[in-house]
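Residue-level structure breakdown
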Amino acid sequence: MNSKKSKRGVTDGHGSFKKVKKVGKASPPPSLNDSLEGDLRAFLIDEDQLHTYDDLTKVNPVTPTTVLKCLQARYRAQVFYTHAGCTLVALNPFQPIPDLYSLDVMREYHSAPQPQEAKPHIFIVAEEAYRNVQGQLEPVNQSLVVSGESGAGKTWTSRCLMKYYATVAASSSVLKSQDAVDRIEKRVLDSNPIMEAFGNACTLRNHNSSRFGKYIQLQLDRSHFLVGASVQTYLLEKTRVACQPANERNFHIFYQMMKGASSEQKKEWKMAHGQSFNWLPEAQKTLEEDCFQETVEAMSHLGIKSEKQAEIFRILAGILQLGNITFDPPAKESEPCVLEGQSKESLQGAAGLLGVPAEELQACLAVRTLVAGKQSILKPCSLSDCGVRRDCLAKVVYAHLFEWLTSFINRSICADNSAWCNFIGLLDVYGFECFQRNNLEQLCINYANEKLQQHFVAHYLRAQQEEYVSEGLEWSFVRYQDNQSCLDLIEGNPTGVFPLLNEESRLNRASDAGKFGARLQKELGDHGSISWDKFSPEPHFTVNHYAGPVSYQIQGMMEKNKDPVPPEIIALLQASANPLLGQVFGDQEADSTAPRGLSKVVTVVAKFKNSLESLMKILHSTTPHYTRCIKPNPDCKPLTFHKREVIMQLEACGIVETIHISAAGFPIRIPFSGFIQRYGLISSSSQIKQLVHSKDVEPGHNDRLRTAVDAIVREALSHRSAGKVDREEGEEHGTLVHCGRTKVFLTQYMLELLEDQRKRLLSRRAFSIQCCWQRHQLRRRRARGRAAVLIQAGVRSWLVRRAVRRWQKAAEVIQTAWRRWRVSMDALAELELDDAEDFVETEMPGLRSAAWETGPVQLSSVQGPVTVRGWPMGLALASAPSVSMSLTAKGFQKMVSVLACLDLSSSSSSSSSSSPSSSRGGGGGGGGHYKVETNQCQHGVASIRAQPRGSVKLHYQRSPLLYADMLPHLRREGVTGFNQILLEKTL
């Protein structure tokens, strides 16, 4: 390959580049300072365009001045995020910015094909980490490190990151119920208000300062959906409960209770109206964080029941009552200190709220127990010791309550180990602090910031440059500020500040600040990162941190490091009637006051150092993403930019050096084998395709792999510049990629180019696969349709044939039964008719003439038997109130009809019908007996000519009586209507 000349260097035969020196005439070169000043003036001429620099690597030249000017211009234009190579710089506006963190903005960055091309935003960092988990062949856990001074906006940034992941990682879930997704999202977000209420406070530098560190793991399943989270906390500043610096406040939760609780709740907590508490300074100041109802709702949603909440708030109210307890010196030295007049009520209130007896609480604060062998000696405490024991009680109760809340939150939002496989970590720690008086808390906080700065330096500023040299790049090292010497001063073993402090704290003797300061001077006097002010009246030492020097007071440092808890306090709390306090302290053994070995005492520094080391192990095992929060002014004023304040922070965190390395280096590094496996499909070479499809790509054959990588890169660049003949465009290709000894180094632009081509190739191949699959599916559907038609036709024909056969069989059965029935009915009818003729001829010959007599008869006026001719018989009988009559019917049918009309009771007196006598109503008594017996009675077959039931209609001739009721029901008003007309015409 012919070497090419470029702006940044020339490429060698392997695609690498080397920096080139331009050869000019023999004239003396200009001064470096003059050249830099000229470039600086040229860059700053057009200040109206400075706010358009989204990435500070585009600034030329890169100096603290140019970087500061760009940030200031963007801050004035209300653009608060700026890329600085691998780091995002975030300026705190100190006021709400509408629609900057809305759901629409989240969806816009989440759905963007190339988020890096969008405007800088914290959501770009979040989306890049999320896509790293999704896109890599072997997903690597990600960590988002948010750093900066106190008040720079770290807590707000972490809150926005959590809301982003809870939204985008849950909204795309289609495999789970929306209720479960909402529950997980809401619980993860609701952990923030609780942790901030119990762990944040208002300081001089920040209204919502985190007084503890936390690392939040957002747990993702194999489909990269949010399934849970866990919270790890570090070094809660529990001393703030009992001791608040000047013009600062206690933790937010106490002020929320004072301002947001109802009168009934305050009465339950024994908070009188207008009562003041010694441990609640600046109570008149109202902050946005003083939202009690939001904290209560978050606790309820996380599963903390109202009963448990009541126990929590009673404990907090008891802590406030402890702060109002003060002691007076006793009359005799051998007697314990006595309570002040107003403190007795506070003692009663604290004892009732904490669930302990008031006498035992007072004795625990004023008297200590000394153990000598098997004997216990009670010794009164001094006035100062009483205050120390009171503060110790409040601190240990609050610290244990905070730990219980953290554990409960983890149980509520943490998923099972089998449910998640990767996580994205959010680190939000206290910022670098420097006050007028700094003690052990500030030393630990600044030590944690030193460790994070060292992680950034080791991971990016130093490790990347060393890797460039080891991979064969001719690299000129960019000088940067290394804080390793400061870390050696603090944690160095055995002569560091922490080891010496632990050794002093483990000695069973009274602490002496002067002696400890003298020992520090003796052991660390030659170290360059520590100094002393010989004219200071108080013992102290000054550490030169990466962010500036900080002076620490030695007085009280050993006591805070020991953090002793008297065993009487633990025993008192274990016997508490408050269920929560009993649960928290139930498993904890009382500390013994007997002398113990040096290795058995666990100090505050030792515990904090161990927890911080475990955090650093997690960070080293993940891919970090850095966000530097900058505080524009020390007074937290909205949209106010102080140059000196900003430039100090930029220099402290190494932003300028980061920009230098990012502008000149390659942020993306991929091993040859991984590069070929991912981007080998771009090449059309058969040899490279064999490498792609081979299961084991030999890492040892670097020359062969390098050749394949170079071919893939060339083909990708040729596709990019197809149709372009501009030589300068072709020369820039050599600055986008470098093939080292074992890795290929890419710029972000080159990576996006490769990903874009890979995506297009995969899209085309996916489209071809989809076409083939759809064609195959269409053919299968057609074949299945034809087969279905044949099967349906066969099934229908079989069903029709089976139905026809069943119908034929049923018809034959019906016809056979019908024929049999017709034959039997004809035979029965013939027998019945024969019986009727015999009956008429033999039994009633004398009634023949009477049955055919004519003429109307008034039945009501007739005294004797009357022969009635005409129908209906029922109407005639119904109109007569008292009738006695003799009836004779001719033929079997008429006889049965008459009997049906009369509805007579019968008895079997003879085998044939006679002339019966019937009586209706109140007249005529007797009446003859009759019996109708036909042939069907003997055969046991019901005939169609059997005696009718109920009303009977007799049809003799065509007459108006055709549809008359033959047996109408008797009514009080008599016969009416059509029946009355018929009756009048008939009778």
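Read on for a plain summary of the structure. Model, not experiment: these values are computed from the prediction. Numbering of residues begins from 1 in every chain and follows the order in which that chain's sequence is written. Side-chain atom pairs in this predicted model are given and counted only at pLDDT of 80 or more, local residue features only at pLDDT of at least 70, and totals for whole chains, interfaces and linings cover all residues. Where side-chain values are given, they derive from all heavy atoms of the structure, hydrogens and water being excluded.

1. Regarding the packing of aromatic side chains
Whether two aromatic rings pair depends on their centres lying within 6.5 Å, for rings of Phe, Tyr and Trp, where Trp uses its six-membered ring; planes under 30 degrees apart make the pair stacked, over 60 edge-to-face, and the rest tilted. As enumerated under the stated definition, the model contains 23 aromatic pairs in all. Judged by centre distance (5.4 Å) and plane angle (50°), the ring pair of Trp269 and Phe313 falls under tilted. With Trp269 in the loop between helix H8 (263-268) and helix H9 (292-301) and Phe313 in helix H10 (residues 306-323), this pair connects stretches of sequence that are 44 residues apart. Of the residues examined, Trp269 reaches a relative accessible area of 2% and is grouped as buried. Look at Phe313 and you get buried, because its relative accessible area is 4%. Site record: aromatic cluster; members linked through ring pairs are Tyr101, Tyr109, Phe123, Tyr130, Trp156, Tyr164 and Tyr165. A cation over a ring is seen here: Arg249 above Tyr255, with NZ or CZ 3.9 Å from the ring centre. Geometrically, a charge over a ring is one whose NZ (Lys) or CZ (Arg) sits within 6 Å of the ring centre while staying within 35 degrees of the ring normal. Above the face of the Phe456 ring, Arg628 is positioned so that its terminal group lies 4.6 Å from the ring centre. The numbering of helices and of strands both runs from the N terminus, where a helix is a DSSP run of H or I of at least 4 residues and a strand a run of E of at least 2. Think of it in three bands: residues with accessible area under 20% of the maximum for their type are buried, residues over 50% are exposed, and the middle band is partly exposed, with areas taken using a 1.4 Å probe on protein chains only.

2. Thoughts on the pattern of salt bridges
Each salt bridge in this description consists of a side-chain nitrogen of Lys or Arg and a carboxyl oxygen of Asp or Glu lying within 4 Å of one another. A full pass over the atoms with the stated rule returns 26 salt bridges. Here the salt bridges share partners, and the residues they tie into one network are Arg211, Glu237, Arg240, Glu248 and Glu433.

3. Description of the environment of Glu568
One can find Glu568 in helix H19 (residues 567-574). On the accessibility criterion, Glu568 (17% relative accessible area) is buried. In this structure the C-alpha to C-alpha distance between Glu568 and Cys364, which are 204 residues apart in sequence, comes to 6.1 Å. Contact criterion: two residues are considered in contact whenever any of their non-hydrogen atoms come within 4.5 Å of each other. In this structure, Glu568 is in contact with Cys364, Arg368, Thr369 and Arg389, ignoring residues within four places of it in sequence. Distance and chemistry together define a polar contact, namely a pair of N or O atoms within 3.5 Å, with one atom able to donate a hydrogen and the other to accept it when in protein, and with adjacent residues in sequence counting only for side-chain atoms on both sides. Of note is the side chain of Glu568, whose polar atom sits 2.6 Å from the backbone nitrogen of Thr369.

4. With respect to the sheet that holds strand E19 (residues 668-671)
On the basis of which strands lie adjacent, the open sheet formed by three strands has the order E19-E21-E20 and antiparallel pairing. Since the sheet does not close on itself, it has two edges, and those belong to E19 and strand E20 (737-739), each with one partner. Averaged over all adjacent pairs, the angle separating strand axes in this sheet is 20°, with direction ignored. Two strands pair if DSSP finds at least two bridges between them. Here four bridges tie E19 to strand E21 (residues 743-746), and the two strands are oriented antiparallel to one another. By the bridge assignment for E21, Arg669 is matched with Phe745. Docked against the sheet, helix H24 (residues 672-679) engages E19 and E21, running at close to 90° with respect to E19. Fitted lines through C-alpha atoms give the axes, limited to the stretch in contact for helices. The angle between two N-to-C directions lies from 0 to 180 degrees.

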